[in-house]
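Descriptive analysis of the structure
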Amino acid sequence: VQLQASGGGVVQAGGSLTLTCKAPRTIFSEYTTYTMGWYRQAPGKQRELVSTITSDGTAQYVDSVKGRFTLSRSNSRKSVSLKMDSLIPEDTAVYYCNAERRGASSWGQGTLVTVSS
């Protein structure tokens, strides 16, 4: 399962970016059974969970992004979008899309987000 992530880039602190992740056609018929999410890995740090969203649209967030990031999913378009507002330099990382079902995870290729101060 290869997820397609896009939307990274360079933005000034206080700015916004939206990351999008699209599921491959191989899981279209079962897309609603997957919990989708985003992780990130900053230079020299371990990968951390940013946000997840279940098939019914229930989203959860790590404390550091609550109130600034919004994760949504479209079951018809088989995609998720992470809207990131009020970005800070500490948000700089490679962001990875994730699809999880029954304890098995699949990943996208990662997209770099750089927030300049």
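Note that the coordinates shown come from a computational prediction; the quantities given were computed from them, not determined experimentally.

Consecutive side chains along a regular strand alternate between the two faces of the sheet. One ladder, built from seven bridges, connects strand β4 (residues 35-41) with strand β9 (residues 93-101); its direction is antiparallel. The partner of Met-36 across the bridge, within β9, is Ala-99. Both β4 and strand β5 (residues 48-53) contribute to a ladder of five bridges, which runs antiparallel. Looking at β5, one finds that Arg-40 is bridged to Glu-48. Counting the residues in the hairpin turn of β4 and β5 gives six residues, including Gly-44, whose phi is positive at 75°.

With that out of the way, let us pick up the pairing of strand β8 (residues 79-84). Pairing geometry for strand β3 (residues 17-22) and β8, over six bridges, is antiparallel. In the strand pairing of β8, Cys-21 is matched with Val-80. Taken together, the six bridges between strand β7 (residues 69-74) and β8 define a ladder with antiparallel strand orientation. Note that in β8 the partner of Ser-72 across the bridge is Ser-81. Remark: four residues form the turn of the hairpin made by β7 and β8, two consecutive strands paired antiparallel; Lys-78 in that turn has positive phi of roughly 55°.

What follows covers the side chain of Asp-91. Positionally, Asp-91 belongs in the loop between β8 and β9. Overall, Asp-91 belongs to the buried group, its relative accessible area being 1%. Discounting residues that sit within four places of it in the chain, Asp-91 has contacts with Arg-40, Arg-68, Phe-69, Ser-86, Val-113 and Val-115.

Turning to the nonpolar core, a few remarks are in order. Ranked by internal contacts, the top residues of the largest apolar core, which has 28 residues, are Met-36, Trp-38, Val-80, Leu-82, Met-84 and Tyr-95. Listing elements by their share of this core, those giving two or more residues are β3, β4, β5, β7, β8, β9 and β11 (111-116). With four residues, the top contributor of residues to this core is β9. Apart from the residues lying within four places of it in its own chain, the contact partners of Val-80 are Leu-19, Thr-20, Cys-21, Tyr-31, Met-36, Trp-38, Ile-53, Leu-71, Ser-72, Arg-73 and Cys-97.

Counted according to the given criterion, the structure contains six salt bridges. When the shortest N-O distance is used, the salt bridge between Asp-91 and Arg-68 registers 2.7 Å. Separated by 23 residues along the polypeptide, Asp-91 in the loop between β8 and β9 and Arg-68 in the loop between β6 (59-61) and β7 bring together distant segments of the chain. Here the two residues Asp-91 and Arg-68 agree in accessibility, since each one is buried. Lys-83 is the salt-bridge partner of Asp-85, the closest N and O atoms lying 2.6 Å from each other. Look at Asp-85 and you get partly exposed, because its relative accessible area is 23%.

What counts as what
- Numbers given for residues are sequential positions, taken from 1 along each chain in its written order.
- Two thresholds apply to this predicted model, a pLDDT of at least 70 for residue-level local features and 80 or more for giving and counting side-chain atom pairs, whereas whole-chain, interface and lining totals are computed over all residues.
- Calculated side-chain values reflect all of the structure's heavy atoms, with hydrogen atoms and water omitted.
- When DSSP locates at least two bridges between a pair of strands, those strands are taken to pair.
- The way it works is that DSSP assigns letters per residue, a run of H or I at least four long becomes a helix, a run of E at least two long becomes a strand, and they are numbered from the N terminus.
- Burial status follows relative accessibility: with a 1.4 Å probe on protein chains alone, a residue under 20% of its type maximum counts as buried, one over 50% as exposed, and anything between as partly exposed.
- The contact criterion used throughout is that any non-hydrogen atoms of two residues lie within 4.5 Å.
- Residues belong to one nonpolar core when they are buried, are Ala, Val, Leu, Ile, Met, Phe, Trp, Tyr or Cys, and are joined through side-chain atoms within 4.5 Å.
- One side-chain nitrogen of Lys or Arg within 4 Å of one carboxyl oxygen of Asp or Glu is enough to make a salt bridge.

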